[in-house]
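# Architecture at a glance
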Amino acid sequence: MLASSLHTPAKRLLLMRHGQAGDPASKRYIGRTDTGLTSLGRCQAAALAELLSVAPLRRVVSSDLGRCLHTARAVAARHGLIVEADPGLGEIDLGEWENRTFEDVRRTEPEAFRRRGEDMAGFRPPGGESFADLRNRVVPRLEAIMADASGCVAVVAHAGVNRVALCRWLGMPLADLFLLGQDPGCLNVLDFSPSGFKRLQALNFSPGG
């Protein structure tokens, strides 16, 4: 079913998460921090590129962060396309918590750590964004991309970006965003009509297995 959906000549969004990046074992707050792909992440990018080599891509858009650009360029190269870097699709800005470990924040700012856990949608780290802020930033941008789309458009973004957009389109409360899996190197396939989002065809598909 996924293979056939990649060929359907419709207004379709192929929404991806970048490959594995940084140090997955460190459990840090990584939002706007520009981390590179791991060796596994590069393999995941290559697997996405191979899967989408059969898709009739018209355009490839990416967050401007390196982990997304590397993934997007692997996909675009199979089609002779140039990646369009879009800063508006960058991951959530975690402000003063950027690149700090979860344990460090829990130990030094226990009240703020607790409040974020209780209000994932609305809590803002100092100097940063809430997930509601992220949704309000990225959903209009993605919808504008799809309003101009003809055929398949590939977008490479982040787990947070993808989750808030999916919550909006699926009518899910933003507080439930972590119920949606978005593994590194995954693909989501979504149909759009001239009036907006129409149907989810695939969620969190990992071509690397």
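Residues numbered from 1 in each chain as written. Predicted model: local features only at pLDDT ≥ 70, side-chain atom pairs only at ≥ 80, totals over all residues. Heavy atoms only, no water.

## Some thoughts on the pattern of salt bridges
Rule in force here: One speaks of a salt bridge when a side-chain nitrogen belonging to Lys or Arg is within 4 Å of a carboxyl oxygen belonging to Asp or Glu. Summary of the burial criterion: residues with accessible area below 20% of their type's maximum are buried, those above 50% are exposed, and those between are partly exposed, where the area comes from a 1.4 Å probe applied to protein chains only.
The tally for this structure, following the rule as stated, stands at 14 salt bridges. Arg100 is the partner of Glu109 in a salt bridge, and the nearest nitrogen-oxygen pair spans 2.8 Å. Accessibility expressed as a relative area gives 19% for Arg100, which makes it buried. Measuring nitrogen to oxygen at the nearest pair gives 2.3 Å for the salt bridge that ties Arg114 to Glu111.

## Re the packing of helix 6 (residues 131-147) against helix 7 (residues 159-170)
Each pair of packed helices gets described by two things: the angle between the helix axes and the distance between those axes. Convention followed: In this description, a line fitted to the C-alpha atoms serves as the axis of each element, helices being fitted only across the stretch in contact, and the angle between N-to-C directions of two axes falls anywhere from 0 to 180 degrees. Think of it this way: any DSSP run of H or I at least four residues long counts as a helix, any run of E at least two long counts as a strand, and we number them from the N terminus. Oblique is the label for every angle not falling under 35 degrees (roughly parallel), over 145 degrees (roughly antiparallel), or within 65 to 115 degrees (roughly perpendicular). Contacts were defined at the residue level, with two residues in contact if any of their heavy atoms lie within 4.5 Å.
Interaxial distance between helix 6 and helix 7 falls to 9 Å at its minimum, and their mutual angle equals 75 degrees. The angle between the axes of helix 6 and helix 7 places the two elements in the roughly perpendicular class. Touching Phe131, Leu134, Arg135, Asn136, Val138, Val139, Leu142 and Glu143 of helix 6 are Gly160, Val161, Val164, Ala165, Arg168 and Trp169, all from helix 7.

## Considerations on the packing of helix 2 (residues 39-51) against helix 3 (residues 66-77)
We count it as follows: Helix crossings are classified by the rotation of the near helix relative to the far one: an anticlockwise turn of less than a right angle makes the crossing left-handed, while a clockwise turn makes it right-handed. Classification convention: Asp, Glu, Lys, Arg as charged; Ala, Val, Leu, Ile, Met, Phe, Trp, Tyr, Cys, Pro as nonpolar; all other residues, Gly among them, as polar.
Following both chains from N to C, one finds helix 2 and helix 3 inclined at 30 degrees, their axes separated by 8 Å at the closest point. Here helix 2 and helix 3 pass one another in a crossing that is right-handed. In this structure, helix 2 uses Arg42, Ala45, Leu48 and Ala49 to contact helix 3, whose residues at the interface are His70, Thr71, Ala74 and Val75. Its residues placed into classes, the contact of helix 2 with helix 3 shows five nonpolar, two polar and one charged.

## Focus: the sheet that holds strand 4 (residues 152-157)
Hydrogen bonding along the main chain pairs the strands of a sheet, whether they run parallel or antiparallel. Operational definition: Whether two strands pair comes down to DSSP finding at least two bridges between them.
Taken in spatial order, the six strands of this open sheet run 3-2-4-1-5-6, and their pairing is mixed. Two strands bound the open sheet, and with one partner strand each, they are strand 3 (83-86) and strand 6 (196-205). The sheet shows a mean angle of 20 degrees between the axes of neighbouring strands, taken without regard to direction. Direction of pairing for strand 2 (residues 57-63) relative to strand 3: parallel, over a ladder of four bridges. Looking at strand 3, one finds that Ser62 is bridged to Ala85.

## Some points on the pairing of strand 6
Here strand 5 (residues 187-193) pairs with strand 6 via six bridges, running antiparallel. Across the sheet, residue Leu187 finds its bridge partner in strand 6, namely Phe205. In this antiparallel pair of consecutive strands, strand 5 and strand 6, the connection spans two residues.

## Quick notes on the packing of aromatic side chains
Quick reminder of the rule: Side-chain rings of Phe, Tyr and Trp (the six-membered ring for Trp) are treated as a pair once their centres are within 6.5 Å; stacked means planes under 30 degrees apart, edge-to-face means over 60, and tilted covers the remaining angles.
Enumeration over the complete set of coordinates arrives at seven aromatic pairs. Considering the side-chain rings of Trp97 and Phe123, the 5.7 Å spacing of their centres and the 35 degrees angle between planes classify their relative orientation as tilted. Of this pair, Trp97 sits in the loop between strand 3 and helix 4 (102-108) while Phe123 sits in the loop between helix 5 (110-118) and helix 6, and the two are 26 residues apart along the sequence. For the residue pair Trp97 and Phe123, the accessibility class agrees, reading buried in each case. Taken together through their ring pairs, the aromatic side chains of Tyr29, Trp97, Phe102 and Phe123 make up a single cluster.

## What to know about the environment of Ala157
Structurally, the position occupied by Ala157 is in strand 4. Taking the relative accessible area as the measure of exposure, Ala157 reaches 0% and is therefore buried. It is 21 Å that separates the C-alpha atoms of Ala157 and Ala10, two residues lying 147 residues apart in sequence. Those residues in contact with Ala157 that lie beyond four places of it in its chain are Met16, Arg17, His18, Cys68, Leu89 and Asn162.

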